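Chain by chain, the residues run as shown.
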Amino acid sequence: MREPTSTFTFLGMTFNVSNMVSITLACLLVFILVFALSRHITLKPGKAQNVLEYMVDFTNGIIKSTIPDGKGRQLGLWSFTIFFFILISNLQGLLFHVDVGGVVYVKSPTADPLVTMTLAAMTLLLAQFLGVQRLGYRNHFGNFLKPFKVFFVINFFEEFTNLLTLGLRLYGNIYSGEMLLGMITSAAVKGGLGTSIAMLPVEMVWQGFSVFVGCIQAYVFVTLSSVYISRKIEIEE
Amino acid sequence: MFSFSVVGAQLYVGDMAYIAVSFIILMCLIKLVAWKPVTKMMKDRSDKIANDIDSAEKSRADATKLAEQRQTELASTRQEASTIISEAKQTGQKQSDKIVEDAQNNAASMKVAAEKDIEQQRQEALANSKKDVASLSIEIASKIISKDLNSDDHKALVDSYIEGLGKHNESR
């Protein structure tokens, strides 16, 4: 079941307006959050700075726990940005749902497979890039042949399965959450007053669960990404 | 990517480009606005804390050293004070002994001098009284003699009397 979309073509590329609006909104929300928290940065931290530093420590901690020996220090910014972008994206659809003429304009960007697959592809490209940067072409592509040359096939296809699992896990969780939320809402609206009142706790419970899932999935995405990267930046035995 | 054929949707390349570009822009903005200052501040803070710990360690060591120094100084001062006190005691004892000895010596010499003085005065008084007796006797005698001067018998009598008197005086 695919909802109707409004698209336009520019420079031979097809754009989905609702995705663009959602992505832009998510980016703006993340930026506003971080901008608001990063005012008045002092040696003795204030409340906002403490929150921001906790966030930074949290994402740095994900990197540190999966990539040992401080090799992932330069990934701090990437993990911070992608974690909070995905987190805000996941929660955005629970807060806003703007529907104009049957076309949903504002929703979770991560409820679209294209967005999650793009994020996953960017992550895995980053992993490949860092692998080449740290090990050199020879060692990086040599890793595909380990432990035996036959494993090349498995290792090669693993890259694509990584892409699919990383992208589709996020998409599936968020999309199903939003879809069920939408179904509960439509049932509540169509069913009359009694059904609406009965559906209110169900909706609240599911919304809470979706928030939980959204946070977990953002964490899982960053953790798995850094695991993939950590496997790329060291020579396999 | 094969999933889209399952869903039956079109592959929107524009969306992919848009999400990639907007993500990179977001990352750059966050780096500019928050990441750099925050990580710099966090590093500064950890440096400062490390420095503070080091300096605290150092000042603690200094304090310990100072306390030890104080302790030794205090002990030496105490010893010095006790030696000074004992010296003063000794000096005082010596002085008091000397004073007593001097006083005794003085008293003894004064006693000797006084005895000598007394003896001398006694002798002088004895001599004076002898002279007085003699002159008195002569006066008595002259008075007697002026009454009966011509008689030689009387003269002999007086002489013998005087002699007897002198002897009597000496024997006393």
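Residues numbered from 1 in each chain as written. Chains lettered and ligands numbered in written order. Predicted model: local features only at pLDDT ≥ 70, side-chain atom pairs only at ≥ 80, totals over all residues. Heavy atoms only, no water.

1. A short note on the overall build of chain B
Helix and strand content of chain B: 3 helices and 0 strands. The linear arrangement of helices and strands in chain B, starting from the amino end, is α-α-α. Counting all 172 residues of chain B, 13% fall into the buried class. Of the roughly 14,000 Å² of accessible surface on chain B, a fraction of 60% belongs to carbon and sulfur atoms. (Helix = DSSP H or I, 4+ residues; strand = E, 2+ residues; numbered from the N terminus. Buried < 20%, exposed > 50% of the residue type's maximum accessible area, 1.4 Å probe, protein only. Areas by Shrake-Rupley, 256 points an atom, 1.4 Å probe, with all protein chains shown as cover.)

2. Focus: the confidence of the model for chain B
All names here are of chain B. Mean pLDDT over chain B works out to 84, with 85% of the residues at or above the 70 mark. Of all the helices and strands in chain B, helix α1 (residues 3-7) carries the lowest mean pLDDT, 44, while helix α2 (residues 13-147) carries the highest, 90. Per the prediction output, this complex has pTM 0.68; the corresponding ipTM is 0.78. (pLDDT = per-residue confidence, 0-100.)

3. Some thoughts on the nonpolar core
Core analysis: the biggest nonpolar cluster contains 52 residues, and Leu52(A), Phe80(A), Ile82(A), Phe85(A), Leu119(A) and Ile229(A) have the highest contact counts within it. Of all the secondary-structure elements, those providing two or more residues to this core are α1 (17-37), α2 (47-66), α3 (76-95), α4 (113-142), α5 (151-190) and α6 (192-232) of chain A together with α2 of chain B. Here Phe85(A) is in contact with Ile23(A), Ala26(A), Cys27(A), Val30(A), Leu119(A), Ile19(B), Phe23(B) and Leu26(B), once residues within four sequence places are set aside. (Core = buried A, V, L, I, M, F, W, Y, C linked by side-chain atoms within 4.5 Å. Contact = heavy atoms within 4.5 Å.)

4. Here's the deal with the interface of chain A and chain B
Between chain A and chain B, the contact holds 45 residues from the first and 34 residues from the second. Surface buried jointly by chain A and chain B totals about 3,700 Å² across both partners, of which 82% is contributed by carbon and sulfur atoms. A per-residue breakdown of the area chain A buries against chain B is headed by Leu43(A), Leu77(A) and Leu114(A), which together make up 19% of the total. For Glu53(A), the salt bridge is made with Arg45(B), and the minimal N-O distance between the two is 2.6 Å. Contributions of two or more residues to the side of chain A that touches chain B are made by β2 (13-16), α1, α2, α3, α4 and α5 of chain A. When residues in the side of chain A that touches chain B are grouped by element, the largest group, 9 residues, is from α1(A). (Buried area = accessible area lost by both parts, 1.4 Å probe. Salt bridge = Lys/Arg side-chain N within 4 Å of Asp/Glu carboxyl O.)

5. What about the environment of Val106(A)?
All names here are of chain A. Residue position: Val106 is located in strand β4 (residues 103-106). Measuring from C-alpha to C-alpha, the distance between Val106 and Leu95 comes to 9.7 Å, with 11 residues separating the pair along the chain. Discounting chain neighbours no more than four positions away, the residues touching Val106 are Val21, Ser22, Leu25, Gln92, Phe96, His97 and Val98.

6. Remarks on the side chain of Ser225(A)
Residues and elements named next belong to chain A. Position of Ser225 relative to the elements: it lies in helix α6. Here the side chain of Ser225 touches Phe221 through a polar contact of 2.6 Å, landing on its backbone oxygen. Sequence-distant contacts of Ser225, that is, excluding residues within four places in its chain, are made with Trp78, Thr123 and Leu166. (Polar contact = N/O pair within 3.5 Å; in protein donor to acceptor, adjacent residues only side chain to side chain.)

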